[in-house]
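So the chains spell out like this:
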Amino acid sequence: MTVCCPAPGTDIPVVPLTGDEARHWITSAGPGRSRIEFIVPEANCVACIGGIEPSLNALPGVVSARVNLTAQRVAVVWQDGAAEPQQFMQTLADLGYTARPFDPRENGVLSEQEEGKALLRALAVAGFAAGNIMLLSVSVWAGADGATRDLFHWISALIALPAVMYAGRPFFSSALAALRHGRVNMDVPISLGVLLATVMSLYETLHHAEHAFFDAAVTLLFFLLAGRTLDHMMRAKARSAISNLTLLMPQAATIVENGMARIVPAAALKQDMTLLVAVGERLAADGVVVQGVSELDRSVVTGESVPELVQPGTEVQSGTMNLSAPLTVRITAAGQDTFIAELMSLMAVAEQSQSHYVQLADRLARHYAPTVHTVAGATLLGWLAYSHNWHTALMNAIAVLIITCPCALGLAVPAVQVVATGLLFRRGIMVKDGAVLEKLSLVDTVVFDKTGTLTLGQPVLLDGRDVAPRAMALAAGLAQHSRHPLSRAVLRAATEAGIAPAAVSAMQEMPGCGLEAQVEGKTVRLGNRLWCGLGEAPDAPGMEFALTENGALIHIFSFEDELRPGAAAAVSRLKAADLRVVLLSGDRPAAVARLAGLLGIDDYHARQTPQDKLARVAALQAEGRKVLMVGDGINDAPALAAGFTSMAPASASDVGRVAADTVFLGHSLLAVSDARALAVKAQKTVKTNFLLALVYNALAVPIAVLGFVTPLIAAVAMSTSSILVVANALLLGWRAPLSIPLPAAPRPPVGHKPEDDSMMPLNAPPQAAE
Amino acid sequence: MNTLVFLIPIALLLGAVWLGAFMWSLKSGQYDDLEGAAWRILNDDDKPLPPPDKDDRSRKS
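Nothing here was measured: the structure is a model prediction, and the numbers come from that model.

K.L.:
So what exactly am I meant to see when it comes to unusual backbone geometry here?
P.N.:
The phi torsion of most residues other than glycine is negative, and most of the peptide bonds are trans. All names here are of chain A. Positioned with a positive phi, His388 is a non-glycine residue whose angle comes to about 50 degrees. Within the secondary structure, His388 sits in the loop between α11 (360–387) and α12 (390–403). For His388, a relative accessible area of 68% gives the class exposed. The phi angle at Arg607 is positive, at roughly 55 degrees, despite the residue not being glycine. Inspection of the secondary structure puts Arg607 in the loop between β24 (603–605) and α20 (610–622).

Following this line, the structure appears as structure tokens:
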């Protein structure tokens, strides 16, 4: 079977998985058996199951290998001693999949799974109890009385008591936690209503009374748990998709010690060690070049789109990628002292300075709970004064609390969020947290980064079609041996035009200059104008290649950093929605100004350091603006953390992705305007939901206060309001303001072409900015 | 009234059986990969057919 999606970066170093290091990931699976999980980002179609499982199962000692398509992970169980985890990774690599061992404890995935399962169990218990009690309650409402009614009430009590104790725990614990901090959230009135309904019904049952509210208590829990479980599942799905994007970045590095090269984990790097950086590898530490001349792609770190020439004596930063020749680097800072670590600490400070955002539902609960409790208290006193009967007064007061138990209010937000995040998720926009949608709807300023965000961070050849086939063939022939971004662009253009690269010999790469080779006895050069003997070009340095043959110019290739699809539309839509759009870039002023003009952004700043970006975002927020920061690089991370909320493309650096609240997988920047538009609509729906729930209360409370509430009325009223709220949320999907189309085929067909790029958008592994 | 003596326990028992089955399936990880489960059914992992024996051929002819 063909590999469904070949690893994009076969040059990514494989992390050694031996000895003590591997112990970290291995868990026990019964006596004499061990279990390990790998994240395999490309395992996203049915062909992958057929490719991976048989191959792993065929290895000696393997008990079972199972692919999890939802989480894109592979779990292998093997007999101790009969196999080594290293073999599994090798097998996966041979099949063309990049795999990295997965630690369930990382990113709290394990606790999240446990939480999800606990919610499902509680939901099942509540569902069981609700179904059976409702059956008995309907009989009572239909007219069962006397001994039969008592029997039914007793059976209901027997089911309801343990069910409430078990299924109500998520609400009770959350309510307790809130009360302990002196706050009130929606779970406080919910817990109070459920508990009071149960206790009062038990008392009534003991005294052979007519009304018991067991069904109300349990059904309420069932509805609320359903909402909460869906909400949890949606968010867990988005988070696991994001955490899977973290690839095998510089976790391992090669050092030279006593003349011997050795692979060590990145964490073990120390100052003054000598680091070998192969072509295509990212630096794992800051340092000074001692040997070799090469170019570094610094786009992820500084936002600069043109590679930088480095030679002995140049300072280099961790996270940059080596492009043209091997380098030897003396480490000046590693671990906590590196440039990245410094940015991380900036990020942490920015995050701490963020004021805690209180969600609308909790703000409402602050007013709702005291109001409801006051009404209940007034009912108690009123009835006491009127009837001088403690029992009647207490019953009516409790009835008020039961009928105002905010079932619809509790569902108002999760129902909308499940629908909205689901709509976004299917379009490749992952929202990490429920509050993010609410924050997105309040945003009034959008700050964009340039390289990698408004652009794809990948140069493309301009006017590729106008190039003579021979020139293209020559250029492609030279370019195919280079990792330089411009060479890659030439090669892509040639492939698109269907031109085969010319055969070249004696190929040489001159870092900072270009490529030279012999073709049919002539010296052909592809590189910058100066080196090709044409003099320096006045503008756009580095974004063009000259092609010469024996010193005579054949063609000048011009490149531009390709605009991200939908960038112009997204910016104009955001502006149309009265948002202020700002561009902050680390790139050269000329490049930034050109792009800003193209997109119609008036407010732009070039040559911004990470500190500058952070300061500008902080200044905007100090003006009282709510900033949506959209960025991808390591240099954007502090600003992402400081923004009111933030978005990053999936191609972003690991640091950027972690810092962002929302990650979008597709290429299109319309994701930003779509997410914002849907968030606004979702927030409107949340508000109408609140209104619906409050109208229900306004109608139901007088009935309760006057003492007319029976279990039947309570059941009908509560269910109706909940259904109304959920139906209103479902309407969100109708005419949703989304312009990104659903992926036509969510999964690639079985056995499609291995080199097919068309299926990349969804579930695609991050494309390192290379 | 008499029928209730049977019907109520039966109803509760059926519910309890369902609850037990659900808890078991949850614990054994059957809801961990809903995506994969939907696709597995399409996987062509049948073993190759055994070579047709003489009986088959004689019946065909």
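K.L.:
What exactly am I supposed to notice about the environment of A:Thr27 here?
P.N.:
Residues and elements named next belong to chain A. Within the secondary structure layout, Thr27 lies in strand β1 (residues 27–28). On the basis of relative accessibility, which here comes to 35%, the residue Thr27 falls in the partly exposed class. Considering only alpha carbons, one finds Thr27 and Asp103, 76 residues apart in sequence, at a separation of 9.5 Å.

K.L.:
For this particular structure, what's the right way to read the sheet that holds strand β27 (residues 662–664) of chain A?
P.N.:
Strand pairing within a sheet occurs via backbone hydrogen bonds; the two strands may be parallel or antiparallel. Residues and elements named next belong to chain A. The strand order β15-β27-β26-β25-β16-β23-β24 describes an open sheet built from 7 strands, whose pairing is mixed. A single partner strand is all that each edge strand has here, and the edge strands are β15 (429–431) and β24. Averaged over all pairs of adjacent strands, the angle between strand axes in this sheet comes to 20 degrees, irrespective of strand direction. Across 3 bridges, the pairing between β15 and β27 is antiparallel. Each bridged residue has a counterpart across the sheet, and for Ile429 the counterpart in β27 is Phe664. With respect to the sheet, helix α19 (residues 589–599) is in contact with β23 (580–584) and β24, its orientation differing from that of β24 by roughly 160 degrees.

K.L.:
Please explain the packing of helix α7 (residues 187–206) of chain A against α12(A) as it appears in this structure.
P.N.:
Residues and elements named next belong to chain A. Running from N to C, α7 and α12 cross one another at 145 degrees; their axes reach a closest spacing of 9 Å. Crossing handedness for the pair α7 and α12: left-handed. Residues Leu192, Gly193, Leu196, Ala197, Met200, Tyr203 and Glu204 of α7 form the contact with α12, whose own contacting residues are His391, Met395, Ile398, Leu401 and Ile402. For the contact of α7 with α12, a count of residues per class yields 9 nonpolar, 2 polar and 1 charged.

K.L.:
I tried to follow the interface of chain B and chain A on my own but got confused; where do I start?
P.N.:
Interfaces are often described in size by the accessible area the parts lose on coming together. Opposite the 21 residues of chain B that make contact, chain A presents 24 residues. No other element matches helix α1 (residues 2–27) of chain B, which puts 12 residues into the side of chain B that touches chain A. Classifying every residue of the side of chain B that touches chain A by side-chain character gives 13 nonpolar, 3 polar and 5 charged.

K.L.:
Looking at this structure, how should I read the packing of aromatic side chains?
P.N.:
The description of an aromatic ring pair uses the distance of the two centres, along with the angle that the planes make with each other. In the structure shown here, the tally under the stated rule is 6 aromatic pairs over all chains. Relative to A:Phe88, the ring of A:Trp78 lies with its centre 5.3 Å away and its plane at 70 degrees, an arrangement referred to as edge-to-face. Note that A:Trp78 is positioned in strand β4 (residues 73–79) and A:Phe88 in helix α3 (residues 85–95), a separation of 10 residues in sequence. Given the relative accessible area of 3%, A:Trp78 is considered buried. Residue A:Phe88 is classed as buried on the basis of its relative accessible area, which comes to 0%. Ring geometry for B:Phe22 versus B:Tyr31: centroids 5.5 Å apart, planes at 40 degrees, classification tilted. Taking the relative accessible area as the measure of exposure, B:Phe22 reaches 15% and is therefore buried.

K.L.:
Would you take a moment to explain the confidence of the model for chain B for this structure?
P.N.:
Atom-level detail of predicted coordinates should not be read off regions where pLDDT is low. Per-residue pLDDT for chain B averages 77, and the proportion of residues at 70 or more is 69%. The low-confidence segment residues 56–61 of chain B (pLDDT under 50) makes 1 contact with residues lying over four places distant or belonging to another chain.

K.L.:
What should I look at first to understand a nonpolar patch on the surface in this one?
P.N.:
All names here are of chain B. A cluster of nonpolar side chains, namely Val5, Phe6, Leu7, Ile10 and Leu14, defines an oily patch on the protein surface of about 550 Å² accessible area. Mapped onto the elements of the fold, Leu7 is located in helix α1. Its relative accessible area of 49% is what places Leu7 among the partly exposed residues.

Calculation notes
- Starting afresh in each chain, residues are numbered from 1 along the sequence in its written order.
- As they are written, the chains are lettered A onward and the ligands numbered 1 onward, keeping that order.
- Thresholds applied to this predicted model are a pLDDT of at least 70 for local features of residues and 80 or more for the giving and counting of side-chain atom pairs; totals over whole chains, interfaces and linings are not thresholded and use all residues.
- In computing side-chain properties, one takes all heavy atoms of the structure into account and sets aside hydrogens as well as water.
- Where helices and strands are cited, they refer to DSSP runs of H or I of at least four residues and of E of at least two residues respectively, numbered from the N terminus.
- Each residue is assigned to one of three classes by its accessible area relative to the maximum for its type, calculated with a 1.4 Å probe on protein chains only: buried under 20%, partly exposed between the two thresholds, exposed over 50%.
- Paired strands, as defined in this entry, are two strands with at least two bridges between them according to DSSP.
- Note on method: axes are straight lines fitted to C-alpha atoms, helices fitted across the in-contact stretch only, with angles between N-to-C directions ranging 0 to 180 degrees.
- The contact criterion used throughout is that any non-hydrogen atoms of two residues lie within 4.5 Å.
- Here is the rule for handedness: rotate from the far helix to the near one, and if that takes an anticlockwise turn smaller than a right angle the crossing is left-handed, while a clockwise turn gives right-handed.
- In this count, Pro and Cys sit with the nonpolar residues alongside Ala, Val, Leu, Ile, Met, Phe, Trp and Tyr, while Asp, Glu, Lys and Arg are called charged and the others, Gly among them, polar.
- Classification of ring pairs rests on two measures: the distance between centres of Phe, Tyr or Trp rings, Trp counted by its six-membered ring, which must be within 6.5 Å, and the angle between planes, read as stacked under 30 degrees, edge-to-face over 60 and tilted in between.
- pLDDT measures how confident the predictor is about each residue, on a scale from 0 to 100.
- Distance thresholds for patches are 9 Å for like charges and 5 Å for nonpolar side chains (Val, Leu, Ile, Met, Phe, Trp, Tyr), applied to residues having over 30% relative accessible area and no salt bridge.
- Under the convention used here, a 1.4 Å probe and the Shrake-Rupley method define accessible areas, while residue burial counts only the protein chains that appear.
- A pairing counts as a salt bridge when a side-chain nitrogen of Lys or Arg comes within 4 Å of a carboxyl oxygen of Asp or Glu.

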